[in-house]
Amino acid sequence: MIVMKFGGTSVESAVAIERVANIVKARLDRHPIVVVSAMGKTTNKLQALAQAAIAGDRDQYIRQLHDLRDFHSREARQVVPLDQRAELDRVLDEQFQEMTELVKGLAVLGELTPRSIDAISSYGERLSSYVVSLAFEHYGVPCVHVDSRKVIVTDGRHTQAAPIFDETYKRLMATVAPLAANKVVVMGGFIGSTEAGVTSTLGRGGSDFTASIVGAGVHAEEIQIWTDVDGMLTADPTVMPGGHRVKIISFAEAAELAYFGAKVLHPATVIPAVERNIPVLILNSRRPDVPGTRIVAEAIKGVNPVKSIACKKKITLVNIQSTRMFMAHGFLRRIFEIFDRYETPVDMISTSEVSVSLTIDNTAQLDRIVEEISAFSDVTTEPDQAIVCLVGENIRYTPGVAARAFSSLGTINIRMISQGASLLNIGFVIAEKDLRDAVAALHTEFFRDLDPEVFE
Ligand code: ADP
Ligand code: ASP
Ligand code: MG
C-alpha cells in the first residue's frame, strides 16, 4: 500500500485532475490511498468569503460563493461521465446550500471563531475529494470515497488541531486499510473532526500531514507528496529560481527545512513517517517521470555540508533588555511564559547576559506580549525581517561553514545568528529587503560544486 497526496495545484483544473488519474492508474498494483487538497486556491477563497460575511458585505460573499460554485462545476463537469452529471449537480447544490447557510449565519453573528473558520475551510477538501473520486471512476480507476472527518480524530484546537494518533490509527486500520486492498481510497487532506464530531483542520498546508498520518496508520510502504516542483530544491524557487533538485535527504533535514519555511512540506509531515520509518517522496505531478526527492531515516552524507537553504519572510524581531544589571533568576522563564500564554511560537533565540533577541512570525498578540514584558524589561520590535537557514547534517562535521556564510553575505547586515542544538542548521536574521541577495550569495557559495550522488 502507498499513500499519494496531490496538492492544490495538482488538482486545480479538469486537466490537472486527468493527469492525477493517469498517475494513479499507472500505480494501481501498489494499492494507492489518495489524499487530495482543495482545488487550486479554494481554501484562501473560502476564508476570504468568511471575512466578507463577518464584515457584512453581502453582495461580495454571495458573488464569491457563486464564483466558487461555478469554478467547481465547470472543472468537475469535464472529468465526470455524462450519466453522473445530474448527481454531481445535486451534490454541488447540496454542499453550496449548506455553505450559504453557514456563511449567512456568520454574517448575522459578525464574528469568526476558529471553529467556524474550520467549518468553512473544510468545504475545499470535501468538494475536491468528491470531484476526484467521480473523475477516477470516469478514467477507469476503481475507487471509494472516504470522509476524512470520520477517521482523522483531532483535539479541539481549531485551525491548528493536532491528531489524536491512537484513535486515528485505530480507525485507519479498521476502515481505510481493508478498503484499499480492493479499491483506490480517495480522501480529503487537511480536515478531521474532534472526538465530539466537530469539524476541525490540521492547519494551513496540512494535507501533507494527513498523508503521513494515513501512511503511518495503514503501515504504508511509501508516502508520496505530489506537487508542482521537481522535489526539495536547494533554494526556495519563489525567492531564487534555478535551484538544484536534492535527490535524497534525511527526515531530520527535511523537518528542519520545512520548519524554516520550505513550504513544499508541512513541518509535521515527517513525524508519523519517522515513527514508522516510512520513506516520503516529493514528486512533480506535471513531470511524473522525474524521480523527485526521497526522504529517509539515513541520507547519503555526500560532500556538500549544506543540503538546502530555507527562508521565512514576514518575521518580527523582538529585542528584550533586562532593566536590572544582570539577568535575574527567572528572567527567561518569565519571558517564555508570556509567549506561551499568548500561544505565540518563537522560532529563533539568542541571549546575552542582559538581553534576549527572538523572532516570531505570528504577531497577532504582539502588542499584549510587549505590554507584559515591558513591566520588567525594555522591549523593542522590528518588523519586515527574514530568516535564512542553511540546513544539512554535514554542517556539524564541516568546520568553517559559518565563516563561509558570513563572508559570502558580504555587506548584508546580519541581525541575529543561531545554530540549532541539533547542529543541523545555521540561521541568520536579516532585513527582508536583503533576502534575495542573501539567498543568491549563499547558494553560490555552498552549491558551486555539487555531489552528483545527492544533487541534480
Ligand atoms: P501543494 O499545493 O502541492 O501542497 P505548496 O505550494 O504547498 O504545494 O508547496 C510547493 C511549493 O513550495 C513550491 O511551488 C515552491 O514554491 C515552495 N518551496 C519553498 N521552498 C522550497 C524548496 N526548498 N524546494 C521546493 N519547493 C519549495
Ligand atoms: N487546502 C489546505 C490549504 O490550502 C491544505 C493543503 O493544501 O495542504 O492550506
Ligand atoms: Mg502544501
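First things first, this report covers the structure right here in the doc. Quick caveat: nothing in here was measured; it's all calculated off a predicted structure.

### Concerning a positive patch on the surface
Part 1 of the argument: A cluster of basic residues, Lys41, Lys45, Arg204 and Lys263, forms a positive patch on the protein surface.
Part 2 of the argument: When you line up the elements, Lys263 lands in the loop between α8 (251-259) and α9 (270-276).
Part 3 of the argument: For Lys263, a relative accessible area of 77% translates into the label exposed.

### A short note on the nonpolar core
Part 1 of the argument: In terms of nonpolar packing, the biggest core is built from 77 residues, with Ile33, Val176 and Leu390 touching the most fellow members.
Part 2 of the argument: Ranked by the residues each element gives to this core, the list is headed by strand β15 (residues 377-391), at six residues.
Part 3 of the argument: Ignoring sequence-local partners within four residues, the contact set of Val176 consists of Ile33, Val146, Val151, Arg171, Val185, Met187 and Val218.
Part 4 of the argument: Formed by 50 residues, the second largest nonpolar core is a distinct cluster that contains Met4, Ile23, Tyr61 and Ala76.

### Digging into the site of ligand 1
Part 1 of the argument: Around ligand 1 there are 17 residues in total, and Lys5, Thr227, Asp228, Leu233 and Lys263 lie nearest to it.
Part 2 of the argument: Contact distances for ligand 1 include 2.9 Å between a nitrogen atom and a backbone N or O atom of Leu233.
Part 3 of the argument: Between ligand 1 and Lys263 there is a distance of 3.0 Å, counted from an oxygen atom to a side-chain nitrogen or oxygen.
Part 4 of the argument: Along the lines of polarity and charge, the residues of the shell around ligand 1 split into seven nonpolar, six polar and four charged.

### Focus: helix α12 (residues 401-409)
Part 1 of the argument: Buried within α12 are the following residues: Val401, Ala405, Ser408 and Leu409. Looking straight down α12, one finds that the buried residues subtend no more than 100 degrees of arc, so they occupy a single side.
Part 2 of the argument: Directly beyond the C-terminal end of α12, a positive phi value near 55 degrees is found at Gly410.

### Description of the state of the cysteines
Part 1 of the argument: Evaluation of the coordinates by the stated rule reveals zero disulfides.
Part 2 of the argument: Left without a disulfide partner, Cys389 is nearest to the cysteine sulfur of Cys311, which lies 9.8 Å away.
Part 3 of the argument: Classification of Cys389 by relative accessible area gives buried; the value is 0%.

Here is what the cut-offs are and how they apply
- Residues numbered from 1 in each chain as written.
- Chains lettered and ligands numbered in written order.
- Predicted model: local features only at pLDDT ≥ 70, side-chain atom pairs only at ≥ 80, totals over all residues.
- Heavy atoms only, no water.
- Patch = residues over 30% accessible without salt bridge, like charges linked within 9 Å, V, L, I, M, F, W, Y side chains within 5 Å.
- Areas by Shrake-Rupley, 256 points an atom, 1.4 Å probe, with all protein chains shown as cover.
- Salt bridge = Lys/Arg side-chain N within 4 Å of Asp/Glu carboxyl O.
- Lys, Arg positive; Asp, Glu negative; His and termini not counted.
- Charge placed at Lys NZ, Arg CZ, Asp CG, Glu CD.
- Helix = DSSP H or I, 4+ residues; strand = E, 2+ residues; numbered from the N terminus.
- Buried < 20%, exposed > 50% of the residue type's maximum accessible area, 1.4 Å probe, protein only.
- Core = buried A, V, L, I, M, F, W, Y, C linked by side-chain atoms within 4.5 Å.
- Contact = heavy atoms within 4.5 Å.
- Near = heavy atom within 4 Å.
- Polar contact = N/O pair within 3.5 Å; in protein donor to acceptor, adjacent residues only side chain to side chain.
- Nonpolar A, V, L, I, M, F, W, Y, C, P; charged D, E, K, R; others polar.
- Arc of directions from axis to C-beta.
- Disulfide = S-S within 2.5 Å.

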